Structures are given as C-alpha cells and as structure tokens.
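Examination of the molecular architecture
Residues per chain, in single letters:
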Amino acid sequence: MKNKLLTQLGKLRHQINQHIKKISKTRYLQRSNTFNFLLSLTVVVIVTTLGITTDWATTGTRTLTYKTSSISNTISSENLRVQNNTETPTLPYKTSSINNTIVSENLRVQNNTGTPKLTYKTSWIGNTFGSGNLRVQNNIEAMYVAPDGTVYTNSHWDEAGMEAAIYKDGKVINAIGDTHGWSRGGGKAVTANSKYVYIAMNQGSRGKTNEDYPPDGTSWHCVRRYDLSGKPAPFPNGRGWDKSMLITSTKSEITGLATVESELYLSDFAANRIRVYDTDTMKELRSFPVANPGAITIDPQKNLWIIQSKNGTNPAKIIHYSQSGKHLPQQIADIVEPTAIAVDHQGKLLVAENGPRQQMLIYDIKDQPLQVGSFGSKGGIYAGVPGEVGDLKLYGLTGVGTDASGNIYINSDGFNKSGTDLRKFSPSGKLMWRSLGLIFVDNADADPKTDGVDLFTKQEHYLMDYSKPAGKQWTYKGYTLNAFKYPQDPRLHTSPDGTFVRRIQGKPFLFLTDMYSSFLQIYRFNPATDGQVAIPAGMFVGTNGDKKSIAGNWPPHQPEQGEWIWRDRNGNGKFEKNEYDTSKDYPYLGGWWVDSKGDVWKALRTQDGTAIRHYPLQGIDPKGNPIYSYSSMEKQATPKIFNDLRRLEYFPKTDTMYLSGFTVDHPAFGDDTGVAGSEIARFDNWSQGNRTPKWRIVIPYDTTGKREVSTAAMSVAKDYVFAVTVKTAEVYVYNATTGVQVQQLKPGPEVGSESGWIDIPYGIRAFRRSNGEYLVFVEENWKGKVIVYRLAS
C-alpha cells in the first residue's frame, strides 16, 4: 500500500511539473523564474495532499480485472493490416488522478479527483458466447458432420486464431489448433474419419527454410492432419515445423476433401485433378483428371460426388466418379450455385443451393439423380418478410450435413462473409440449437426513435431486452443485405465497419464508413417493399489523386478521377450514369459525421485552415433518398489549435461542435492514420463562427512511436464524451460541459475482462436512453462481438 502510494505520488508530481513547464512558457510567466519556482512548489504540495486523501478514500473501491488480447502479429491478406496477435501482454499504464484538461480562458489544470464515478455493467451482442477462447468463429467456409453429431469446421481467417473448430450440442468443444500466425491460415475444405481430422490450410514463407518453411515468395497449399481432439497428428515424411502437413500444391488451394475407408480424396483445383492418399501414411496412391473440382462427398456405394465449379459461361454442376476415377454418367445440372455437398444417413445426396432458392436440396441418387425434397424456406432469408430472421430462413449457405440419427446441420455465412450462423435441426425440421458469430470489424448504433431497443450493425438488426442477463439481452431480428435484389449494394464490394443510425424527417437511415474513412454509404428502409432490408440510397467517396476513387470495375459509371456523391435517383439500388455529382478535393480524410438533421460533415487532414466540409441536407427525393450536393457544400474554418483534424461531431440543437485531432501543442509522432489524435476540444456557438474552445482535453496518444498508448475513437452522448484506446480498449469518460474526466471503463467479467484492439475509427458509439442510462458500444472483433457498457444515470 505504502509503496503503491509513493509510486502514484511520484507520477503525480512528474505530471504536475510537466504542466507547470508548459504554463511557464506563457509570456506573463516567463518574466519571473522565482515565480515559476514558487508556483510549482505550491501546486505540488497542494496536489500531493489531495492525492494522499484521494488514495486513502478509494482504496476500498472494487476494481474490475481484465486481460489484454493475445493474438498473433499477422498481416491479413485481405487488407494488409497488422493484427494484434502477439502473445506479449500489452504494457500497462495508469492515468494521473489529475484530469488532463486545459481550459482555454486561463490554461489552468483542472482537478477532477472529487468527481463521483458512474456505475456500469458490461454486456455484448453478436456472438453466442461472450468470452473465452471457445466462442463462435468469425466464419465457417466448410464443415463436416460426423455420425455422432460432432461438427468440424474450417475457414481462411479468424481474428482470434480459430480458423478451424469442433462443435457439438451447440457448444464449441475445441479449436483445431495452430492454424494462425507464422504465415499460416485455414482453408475451405475439411473432413474426418474415426481417427483423424483433415483440413485444408496454407503455409506461407517465413525466411526459415531450415525449419521447414517455404522459401521466400512461395506458399504451400496443404492438407494438415489432426487427432479428433484438434491436436496436430504428424506422420512419416510430413512437412512443416511439426511434420503434420502434406504439401499438395504451390499454385492454388485445396477445394475439396473426403474420406472412405483408408483413403483420402482431395480436389487439386489448379491441376484439375482428384488426388488419393492413404489416410494413415499420407502417401499418394493415385490421381485422375476432373475439371474445376470442388467439394467432395462419398455415397453408400463408395463412389464420389463432386461439385464442378462454373467456368466462364459453363454453369456449375455435380458430377459422379468411381473410386478408381471412372467418370460415371449420373450428374445434377439443375442447380445455380452449389456450395456444399453431403450424403445423409439414408444415402440421399444433400446439396447447398446458394442461388436465389437459398435451400438445401435433397436428391435420390440410387439411379438417375432425382430431387425428392428440399429443406428451408424457398428464397431463404428473403422469403416472407425480406430480411426477417426465421428458423428455416437460410442465407449464404456454406455447409450441410446430417448425423446418424438424421439430424440436419446447416451453416449460413451470409454474403461477403457476413458471419457464422450454424444451426442444428431435428429430422422433422425443428430448430434444436443455433450458434451465432455475426460480428467482425463492426460496431453498433441505436435507433434514436426506439430508445436503444433497436440496434444496427453494418448488416444486422438486433432487438434488445435490457431486463435480461448480460449476453442474453439481444435477439437477432434482421439481416439487412439483399444480395439478389441489390447486387450492387456497396456492402458486397467494400468492407464498411462504422455505423450511424439516424432519423431524418422521422424516417430511418443507415450510414456506414470504413477503416480508412474513404467513403460514407447511405441506406434507406421501406418495410412495405423490402422488409428488414437496407436499400442502397447514396454514397460519398473521397478523392484518390488522379485515379478513380475506387479501383476496379465497381461501381459502374464512376468518374475517372476526383470524388463523387452518388444518389439512387430512380430507386433501383444500382449505380447509373446520370446519378453522380463530381468534384475534387484534398485526398486525405480524417473522418465523417452525420448530425441529427441529416447534414453530413467531413474532416480533411489538410493544414490550409479549412479542413471541414459541411454538406447540408437538401431534402429527401421522391424515392426516399437524402439529397446532398457539392454546389451546396460549405468549407468551414478549422480552429487554429489543430494541425491534423481527425474526428468531428456536431449537435445542431445546441450548436456545439466536438473536434479531435493532433494539435500544435501535442503533435503526432509519425503518421498513425487510424487514431483520433491527441486532443478533443468543445466549441460552443459553432455556426456563429466561434473557434475558441470551451475546453481542451489531452487524450491518450502516442509519444514514442510504439503505439502502446493511443486513442482510436470518440463519441459524444448528451452529458458525456467517450473515447476508447487502441490496444487496451479502455473507455475514458469526460463530462461534456467541463471536460473533466469522470470515469474509466474496462471490459468486465461478463466478457472475460478482455478485449482485442480497436481497429476502426468509429470503434465507439454512445447513446443516452430516456431513463438516463447510457449505452456505449465498443468494437471487439478479436472474439467476434460488440461490447456493450451500460452506465447508470
């Protein structure tokens, strides 16, 4: 206790001295060194006394324990961003008992030690399990169901390193280990027999060929063998660091796996061959040609049924081969997009039809294949009320199978990898359990009209019942993306992650932005025609030098250079030639904001003194789309304290602007593009031209280049300003009127007292309910959920 107190007081005195040094640089105090010394000594004595009193007064306060994330330092191939995957614990740090707030009128340091703390609880949405290593994985791209109902899964990527997993009875039994980090990843095929699990995986180079890694510039596409508990099972002549890998190609990944008796069948897509291996020795026995081979299953006669992927204008189909490689005449061609295949306990063929039907199709294959049934609502999630979740409404099918008792297992991954939705049904079609992992690089926001009952993420709609226990409060209500009606929906072609829900003229709208603040997407709702589906309505895109704003062929008709605003003038959800408004501006963006009136705000990182762009709402067109234009855009002056503006939130009712960024007094160390800056400042009477801050807060920011301390995002709700740090995911709560820090939130025991890094610029959103309670939503994509803090009024 004594040592702890002395350490805290030492840190306190150091911080006070730093403040005094800054204060002494003002032109009034520079005249007297004696005055500086006396002032410093007086303040230190006073604050030391207060620090002692405060420490004694708070030693009995319960502190929530928490852990930092431990995932590997791996670069995702999709967006080349470094993940927080080291097993080294995050460095701890503490804030001073003096709130680091600078009041502009007299630059005095405020003391907040007497401010009462808010009580809070932690909950979560989007994952069936809220903590621990065994939670529902981000995606399931392939699965195999054993006769006893054990489900083995595989996927290319999982943020917490569980690319492959084992499920049973609605629980995650174990992870199939060592698939993450060290340039490893999972794949899109998995099978098992009575002794082993076999998964498709990828091993990249590490510059360590002496440890049996691929040479630089080469990747191994492998089958890796495991025991049934999920531990690697080495074999003679196996490859890789633990000798459990069978290298099958250096050109393309494995697209299908199946076993029968002592033989393992593998689809080598690049070579257009089926390869056959001994399941125990893993030696190749034979191979035979098959064009574009995909998923494989084995029928009761021990023959193979193989999905043949579409090739150009040639549609996909399911073909039939003997074990020796003889092409048998039976085939299934009346299918649009087969994505998974299995044989049930009665010998019928099950096919995941991921086309518009969104069903599992059932075929009698004793002679010529004949469809004898289907499972799931025809049209899937879009049947009945489009987008409304139902037990038998499937969407984005990636896996089918049955156990020996005839129970049915189906996984839906949504579209553009929306998230895991694994379900078990009885033979009669009754839902028995459902495991959900719907969140990845995502955050939630509340519909202001329903007082926090309706929450939205980029693709999902949740209903909340706050009277229930933590983690049980949410119900998955709607899937808001319709890939068939709106194939040009930006969510199918980009990776949005930050969500704003707004009511404009009483109507609901969804606004989405991305990790790099490069765009702002706009969606409208029309329950009469589209149910739960969010309809593409508009989009802002920033300037990308002299290139197209978005590389590639999507969206059609986009301008060749500059930036643009798209509005869906005819209401069909397509990007058409006459629907773009164009301009050109500074290319580096800090952030976006949509205020309560529906006005859009954009922060640029320019230092020309006008870094703020204001797009006043020009109304709502006859199709229900909000109207914005470059001709009505206003350039607004940036307060001189900022030299790199990052975030902004404006509130029309009070004419209050909150800005964050790096300042002249607290500049950036390097160019960390993803953080909120070093200060938050509040400005009153903004529309009247005031650029003098009411207060300034110095928030946690990097001063060393190591990013151990930095702030990812901020959010303002009524009486409080919330900011969340990148690595520790701690939420700092400030009084919005005074800028004084009043609380610091950490993930509670309900979520295992842990969180991954905050990866997105809108990784925190706050909402005040009518009863005075605050809801604070924080991104937690490490273990696939959104953390929800509930703060008492």
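Preceding this section is the structure that the text describes.
Residues numbered from 1 in each chain as written. Predicted model: local features only at pLDDT ≥ 70, side-chain atom pairs only at ≥ 80, totals over all residues. Heavy atoms only, no water.

Focus: empty space enclosed by the protein
By the definition in use, this model includes 4 cavities of 30 Å³ or more. Volume-wise, the largest cavity comes out at about 60 Å³. Along its surface, the largest cavity is lined by Phe662, Ala668, Phe669, Asp672, Val675, Gly677, Tyr701, Asp702, Ser710 and Thr711. The residue makeup of the lining of the largest cavity, split by class, is 5 nonpolar, 3 polar and 2 charged. (1 Å grid on protein atoms, 1.4 Å probe; cavity = no way out; pocket = protein on both sides within 12 Å on 5 of 7 lines; lining within 4 Å. Points joined across faces, edges and corners; volume = space filled by probe spheres on them. Nonpolar A, V, L, I, M, F, W, Y, C, P; charged D, E, K, R; others polar.)

Quick look at the packing of aromatic side chains
Evaluation of the coordinates by the stated rule reveals 33 aromatic pairs. Measuring from ring centre to ring centre gives 6.3 Å for Tyr409 and Trp433, while their planes differ by 65 degrees; the resulting arrangement is edge-to-face. Separated by 24 residues along the polypeptide, Tyr409 in strand E26 (residues 408-412) and Trp433 in strand E28 (residues 431-437) bring together distant segments of the chain. Of the residues examined, Trp433 reaches a relative accessible area of 13% and is grouped as buried. (Phe/Tyr/Trp six-rings, centres within 6.5 Å; stacked < 30°, edge-to-face > 60°. Helix = DSSP H or I, 4+ residues; strand = E, 2+ residues; numbered from the N terminus. Buried < 20%, exposed > 50% of the residue type's maximum accessible area, 1.4 Å probe, protein only.)

Examining the sheet that holds E28
On the basis of which strands lie adjacent, the open sheet formed by 4 strands has the order E25-E26-E27-E28 and antiparallel pairing. Across the chains shown, the open sheet's two edge strands, defined by having one partner strand only, are strand E25 (397-402) and E28. If you compare each strand with its neighbour and ignore which way they point, the axes differ by 10 degrees on average. (Pairing = 2+ DSSP bridges. Axes fitted to C-alpha atoms, helices over the stretch in contact; angles between N-to-C directions.)

Things to note about the nonpolar core
Ile125, Tyr476, Phe722, Val731 and Val778 are the most contacted members of the largest nonpolar core, which totals 54 residues. Non-local contacts of Ile125, meaning those with residues more than four positions away in its chain, are made with Ile439, Ala444, Leu455, Tyr462, Met464, Trp474, Lys785, Val786 and Val788. Within the second largest apolar cluster, 36 residues are counted, among which are Ile504, Ile522, Val594 and Trp686. (Core = buried A, V, L, I, M, F, W, Y, C linked by side-chain atoms within 4.5 Å. Contact = heavy atoms within 4.5 Å.)

Brief notes about the pattern of salt bridges
Tallied over the entire structure, the rule returns 39 salt bridges. Across the pair Asp644 and Arg646 runs a salt bridge whose closest N-O atoms are separated by 3.0 Å. Of the two residues, Asp644 and Arg646, neither departs from the other in class, the shared state being buried. Taking the shortest distance from any N to any O, the salt bridge between Arg696 and Asp665 comes out at 2.9 Å. Of this pair, Arg696 sits in strand E46 (residues 695-698) while Asp665 sits in the loop between strand E44 (656-663) and strand E45 (679-684), and the two are 31 residues apart along the sequence. The buried category is assigned to Arg696, whose relative accessible area is 7%. The network of salt bridges with common partners includes Asp178, Arg184, Arg224 and Asp242. (Salt bridge = Lys/Arg side-chain N within 4 Å of Asp/Glu carboxyl O.)

Details of the sheet that holds strand E31 (residues 460-464)
Strand pairing in a sheet takes place through backbone hydrogen bonds and is either antiparallel or parallel in direction. Reading across the sheet, the 4 strands line up as E29-E30-E31-E32 and stay open at both edges, with antiparallel pairing between neighbours. The two strands at the open ends of the sheet, each matched to only one other strand, are strand E29 (445-446) and strand E32 (474-479). Here 2 bridges tie E29 to strand E30 (residues 454-456), and the two strands are oriented antiparallel to one another. Across the sheet, residue Asp445 finds its bridge partner in E30, namely Phe456.

Considerations on the environment of Ala383
Within the fold, Ala383 resides in the loop between strand E24 (370-375) and E25. Since its relative accessible area comes to 16%, Ala383 is described here as buried. Each C-alpha atom, one on Ala383 and one on Leu394, is 9.5 Å from the other, the two residues being 11 residues apart in sequence. Filtering out sequence-adjacent residues up to four positions away, Ala383 remains in contact with Ser377, Lys378 and Lys393.

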